[in-house]
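If you want the building blocks of each chain, they are given just below.
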Amino acid sequence: MELYRCSKCSSEYVFRRAVCPKCGSKGFDSVEVKSAVALDSVHLIATPEPFPDDYRVVMFQSGNGARGFCRTTSDVKRGDRLRIGMDENGPVCEPE
Ligand SMILES: [Zn+2]
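Fair warning: this is a prediction, and the values are worked out from it, not measured in the lab.

Let us now look at the pairing of strand 7 (residues 81-87). Bridging between strand 4 (residues 35-45) and strand 7 involves three bridges; their strand directions are antiparallel. By the bridge assignment, valine 37 is partnered in strand 7 with arginine 81. Relative to strand 8 (residues 90-95), strand 7 runs antiparallel, the two being bridged by six bridges. From the neighbouring strand, arginine 83 faces strand 8, where its bridge partner is glutamate 94. Where strand 7 hands over to strand 8, the hairpin turn is made up of two residues, counted between the paired strands.

Turning our attention to the coordination of the zinc ion. Protein coordination of the zinc ion is provided by Cys6 (SG), Cys9 (SG), Cys20 (SG) and Cys23 (SG), with donor distances spanning 2.3 Å. Coordination at the zinc ion is tetrahedral, judged from the four donor atoms that bind it and the angles of 99 to 114° they form at the metal. Donor residues binding the zinc ion come from one chain and are separated in sequence as C-x2-C-x10-C-x2-C. Taken as a pair, cysteine 6 in strand 1 (residues 2-6) and cysteine 20 in the loop between strand 2 (12-13) and strand 3 (28-32) lie far apart in primary sequence, 14 residues in all. With respect to class, cysteine 6 is no different from cysteine 20; both count as buried.

So, about the packing of aromatic side chains. Enumeration over the complete set of coordinates arrives at two aromatic pairs. Relative to phenylalanine 28, the ring of tyrosine 13 lies with its centre 6.2 Å away and its plane at 75°, an arrangement referred to as edge-to-face. Linking tyrosine 13 in strand 2 with phenylalanine 28 in strand 3, this pair joins segments that are 15 residues apart in sequence.

Once that is clear, we can look at the environment of threonine 72. Here threonine 72 is to be found in strand 6 (residues 67-72). What threonine 72 contacts, discounting residues up to four positions off in sequence, is Tyr55, Arg56, Val58, Cys93 and Glu94. From its side chain, threonine 72 meets the backbone nitrogen of serine 74 in a polar contact 3.0 Å long.

Hydrogen bonding along the main chain pairs the strands of a sheet, whether they run parallel or antiparallel. Here three strands make up an open sheet; going across it, the order is 2-1-3 and the pairing antiparallel. Either end of the sheet is taken by a strand with one partner, and the two such strands are strand 2 and strand 3. Summarising the sheet, strand 1 and strand 2 pair through two bridges and their orientation is antiparallel. Within strand 2, the residue paired with arginine 5 across the bridge is glutamate 12.

Conventions adopted
- Residues numbered from 1 in each chain as written.
- Predicted model: local features only at pLDDT ≥ 70, side-chain atom pairs only at ≥ 80, totals over all residues.
- Heavy atoms only, no water.
- Pairing = 2+ DSSP bridges.
- Helix = DSSP H or I, 4+ residues; strand = E, 2+ residues; numbered from the N terminus.
- Donors = N, O, S within 2.8 Å, 3.2 Å for Na, K, Ca; no water.
- Tetrahedral: all angles 85-135°; square planar, octahedral: opposite > 155°, others 65-115°.
- Buried < 20%, exposed > 50% of the residue type's maximum accessible area, 1.4 Å probe, protein only.
- Phe/Tyr/Trp six-rings, centres within 6.5 Å; stacked < 30°, edge-to-face > 60°.
- Contact = heavy atoms within 4.5 Å.
- Polar contact = N/O pair within 3.5 Å; in protein donor to acceptor, adjacent residues only side chain to side chain.

Have a look at this one:
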């Protein structure tokens, strides 16, 4: 999954910012993030197409503070290390 890392303070964001809210820098680098920690998850059932009928939406945090969401069909608990990837419908994750 692609994140944006501030070139001055290394804070990471899911969406590119005009200015880093932590240090004021306008420089960002695009970085590929492949692992994160689960902060929380919600179990969803009876979901719309094209998603499976039974999966979890997981809020994760990258090593440098970016928070985002990914989908998984695995049981994920707070604090689990995750492998982050992408499919045609967005970010997906699996416990490491
Ligand atoms: Zn910064």
